[in-house]
Amino acid sequence: MTTDDTTAEAPAGTTPDAGEQAAPGEQAPSLWKNRSYRLLLTGATAEDVGAAVGAFAVPLAAFAITGSVVQAGVISFVGQLGSVLMTLPAGVIVDRVDRRRLIMAGGAVAALAWATVVVAGLADGLSITAPHLAAALFVSSAVGSLLDPAGTAALHAVVRTEHLGQAMSVAQGRDAAAALLQGPLGGLLYGMSTVLPFVVSAAGRLVAVVTVSLVREPLNGDLGAARAEHPVAALRDGLRYVFAVPLLRATIWLFMLVNVVLNGMMVAINLHLVSTGTAPALIGLVNTAVGVGVLTGSVLAGALVRRVRVSVLTVLALGVSGVAVVVMALFPTYWGFVAALTGMMLFAPALNAGMLSYVTAITPGRMQGRMAATLGLTGLVAGPTAPLVGSLLLDGVGISAAMWCFAAAWTVLFLAMFLVRPLWRVGLPDTWAADALD
């Protein structure tokens, strides 16, 4: 994307303060010497691992409670409605509330929600019910939708612009590590006790609360100016900002549908394996396969983001994933899933890191929360819809036909990507500063 294409439709009144840069000739200190970054990374890692383990356990616990794959999907649907309700307001809240206190309070609330599930599962005369599990997931997903943009905005506050690509690549590796642990750790803990995965979820949130409390730098800009704007006007301003940028306006719809297909497919695979009596540890191995692919891709992400345009990364990520979906449609067996999922996400970390670091670099600091939250719209539909799509397709046509449906949908999305012209104008990272919105 060139400067003209980016700024021509940008909203007025913003300033390009997308992070501090080293002065000409100055050697920027290493990202790993940044104490605040290390603290935020530690907390986010613990939170990701806890969330991944809990996410693995929810469909298993839901199926154990209801005995129905459709009802298990409904529990996930209801639980994910929290993210639907919070995604857009979250951006306004993140930009007008002290982000440190917000992350601490939100983490404590989510930890308490999962703690109630643990107590219900352990106490005499009590047991986890479907409404209780859905309610805890509702609270956790709402908090997650609030804290995700807060975390992205916090990174913008403590990381130099020239380090954003590296920081986002590390975040992809962190997510990959969580996905890698999700299956074996989630399966092991769930096999030992139904409540243990939720203990880990609560603990991960609490670690994030402690680490962000130790960050010294302010994580917001001018809070007084942010609070002077009416919340409704701030929300409208944030939406206008995102949808005025051609690249964001186009890709938000594309990746929203990608998330529905991808997450719906994973729900269908997991519920199919649960319904056929596959051991939790073996189901965990399927999810571990995804983690192996993402972790491998995360190792390559930093170098790829520096040397390959975001448009090419998009072709690689969606193309390789599409081939993997076709392989699973042809071989809808346990080992077919494991083999295809291992390579499916190889280029996804580089795509995610490149896209997110680019839009973070060009976005003014006062808009970071609203930008990140509005981009959360890509998961707004996927969160509650994917469990329903996956469970209904599985129940209605079986796993083989369901996988062919996902393969057809992925092909359409891959072809639609070539129509997103602003994507093909984004340069390499050394050109991003020129695209900063003014």
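Computed from a predicted structure; not experimentally measured.

### Here's the deal with the side chain of Ser311
You can see Ser311 is positioned in helix α12 (residues 310-330). Each residue touching Ser311, except ones within four places of it in the same chain, is listed here: Leu423 and Trp424.

### A few points about the packing of helix α2 (residues 35-66) against helix α3 (residues 69-96)
The interhelical angle for the contact between α2 and α3, taken along N-to-C directions, is 130°, at an axis separation of 8 Å. Our classification of the angle between α2 and α3 gives oblique. Crossing of α2 over α3 shows right-handed handedness. Listed contacts from α3 to Val58, Pro59, Ala62, Phe63 and Thr66 of α2 are Val69, Gln71, Ala72, Ile75 and Ser76. Looking at the contact of α2 with α3 residue by residue, the class counts come to seven nonpolar, three polar and no charged.

### A closer look at the side chain of Asn34
Inspection of the secondary structure assignment puts Asn34 in the loop between α1 (3-7) and α2. Apart from residues no more than four positions distant in its own chain, Asn34 is found in contact with Val158 and Val159.

### Side note on the pattern of salt bridges
A full pass over the atoms with the stated rule returns three salt bridges. Taking the shortest distance from any N to any O, the salt bridge between Arg174 and Asp48 comes out at 2.8 Å. Linking Arg174 in helix α6 (residues 164-192) with Asp48 in helix α2, this pair joins segments that are 126 residues apart in sequence.

### Some points on the environment of Trp404
By the secondary structure assignment, Trp404 is in helix α17 (residues 382-417). Classification of Trp404 by relative accessible area gives partly exposed; the value is 39%. Sequence spacing of Trp404 and Met328 is 76 residues, and the spatial spacing of their C-alpha atoms is 8.5 Å. Sequence-distant contacts of Trp404, that is, excluding residues within four places in its chain, are made with Val326, Ala329 and Leu330.

### Side note on the packing of aromatic side chains
Tallying each qualifying case throughout the model produces six aromatic pairs. Centroid distance Phe243 to Trp253: 6.2 Å. Interplanar angle 40°. Geometry classified as tilted. With Phe243 in helix α9 (residues 231-244) and Trp253 in helix α10 (residues 246-275), this pair connects stretches of sequence that are ten residues apart. Residue class for Phe243 comes out partly exposed when judged on its relative accessible area of 24%. Measuring from centroid to centroid gives 5.4 Å for Phe414 and Phe418, while their planes differ by 85°, and the two rings are edge-to-face. On the basis of relative accessible area, Phe414 is assigned to the partly exposed category, the value being 23%. The exposure class of Phe418 is partly exposed, given its relative accessible area of 40%. An aromatic cluster of at least three residues, connected via ring pairs, comprises Phe414, Phe418 and Trp424.

### Focus: the confidence of the model for the protein
Averaged over every residue, the pLDDT of the protein is 80; residues scoring 70 or more account for 88%. Within the protein, the element-level pLDDT minimum falls on α1, averaging 36, and the maximum on helix α7 (residues 196-213), averaging 92.

### Topic: the environment of Ser275
Relative to the helices and strands, Ser275 is located in helix α10. In this structure Ser275 comes out as partly exposed when scored by relative accessible area, which is 43%. Along the backbone, Ser275 and Leu60 are 215 residues apart, and their C-alpha atoms lie at a distance of 9.9 Å. Among the polar contacts made by the side chain of Ser275, one reaches the main-chain carbonyl oxygen of His272 at a distance of 2.9 Å.

### Focus: the layout of surface pockets
Counted as a void, the second largest pocket has a volume near 370 Å³. Along its surface, the second largest pocket is lined by 21 residues, and Glu162, Gly165, Gln166, Arg306 and Pro429 are the ones closest to its centre. A total of six residues in the lining of the second largest pocket trace back to one element, the largest contributor, which is α6. Classifying every residue of the lining of the second largest pocket by side-chain character gives eight nonpolar, ten polar and three charged.

### Things to note about the nonpolar core
Generally speaking, a soluble globular protein has its nonpolar side chains buried in company with each other. By size, the foremost hydrophobic cluster in this structure holds 115 residues, and its most contacted members are Met265, Met328, Leu341 and Met344. Looking at this core, the element that brings in the most residues is α10, giving 14 residues. Excluding anything up to four places from it in sequence, Met265 contacts Val325, Met328, Leu341, Met344, Met403 and Phe406. The next biggest cluster of nonpolar side chains, apart from the first, holds five residues, and it includes Val49, Ala52, Ala178 and Leu189.

### As for the packing of α10 against helix α14 (residues 348-362)
Two elements in contact, α10 and α14, have axes whose closest approach is 13 Å; the angle formed by their N-to-C orientations is 145°. In this structure, α10 meets α14 at a crossing whose hand is left-handed. Residues Leu247, Leu248, Thr251 and Phe255 of α10 form the contact with α14, whose own contacting residues are Leu351, Met355, Tyr358 and Val359. Split into classes, the residues belonging to the contact of α10 with α14 amount to seven nonpolar, one polar and no charged.

### Here's the deal with the environment of Glu229
Among the structural elements, Glu229 can be located in the loop between α8 (223-228) and α9. Glu229 sits in the partly exposed class, given a relative accessible area of 24%. C-alpha of Glu229 to C-alpha of Arg96: the two residues are 133 residues apart in sequence and 9.0 Å apart in space. Not counting chain neighbours up to four residues away, the residues in contact with Glu229 comprise Arg96, Ala234, Asp237 and Arg370.

### Side note on α12
In this model, α12 (21 residues) spans 30 Å end to end at C-alpha, consistent with the 30 Å of a helix rising 1.5 Å per residue. Along α12, the residues that are buried comprise Val310, Ser311, Leu313, Thr314, Ala317, Leu318, Ser321, Gly322, Ala324, Val325, Met328 and Ala329. Seen end-on, α12 carries its buried residues on one side only, within an arc spanning 165°.

Definitions and cut-offs
- Residues numbered from 1 in each chain as written.
- Predicted model: local features only at pLDDT ≥ 70, side-chain atom pairs only at ≥ 80, totals over all residues.
- Heavy atoms only, no water.
- Helix = DSSP H or I, 4+ residues; strand = E, 2+ residues; numbered from the N terminus.
- Contact = heavy atoms within 4.5 Å.
- Axes fitted to C-alpha atoms, helices over the stretch in contact; angles between N-to-C directions.
- Parallel < 35°, antiparallel > 145°, perpendicular 65-115°, else oblique.
- Left-handed = near helix turned anticlockwise from the far one by under 90°.
- Nonpolar A, V, L, I, M, F, W, Y, C, P; charged D, E, K, R; others polar.
- Salt bridge = Lys/Arg side-chain N within 4 Å of Asp/Glu carboxyl O.
- Buried < 20%, exposed > 50% of the residue type's maximum accessible area, 1.4 Å probe, protein only.
- Phe/Tyr/Trp six-rings, centres within 6.5 Å; stacked < 30°, edge-to-face > 60°.
- pLDDT = per-residue confidence, 0-100.
- Polar contact = N/O pair within 3.5 Å; in protein donor to acceptor, adjacent residues only side chain to side chain.
- 1 Å grid on protein atoms, 1.4 Å probe; cavity = no way out; pocket = protein on both sides within 12 Å on 5 of 7 lines; lining within 4 Å.
- Points joined across faces, edges and corners; volume = space filled by probe spheres on them.
- Core = buried A, V, L, I, M, F, W, Y, C linked by side-chain atoms within 4.5 Å.
- Expected span 1.5 Å × (residues − 1).
- Arc of directions from axis to C-beta.

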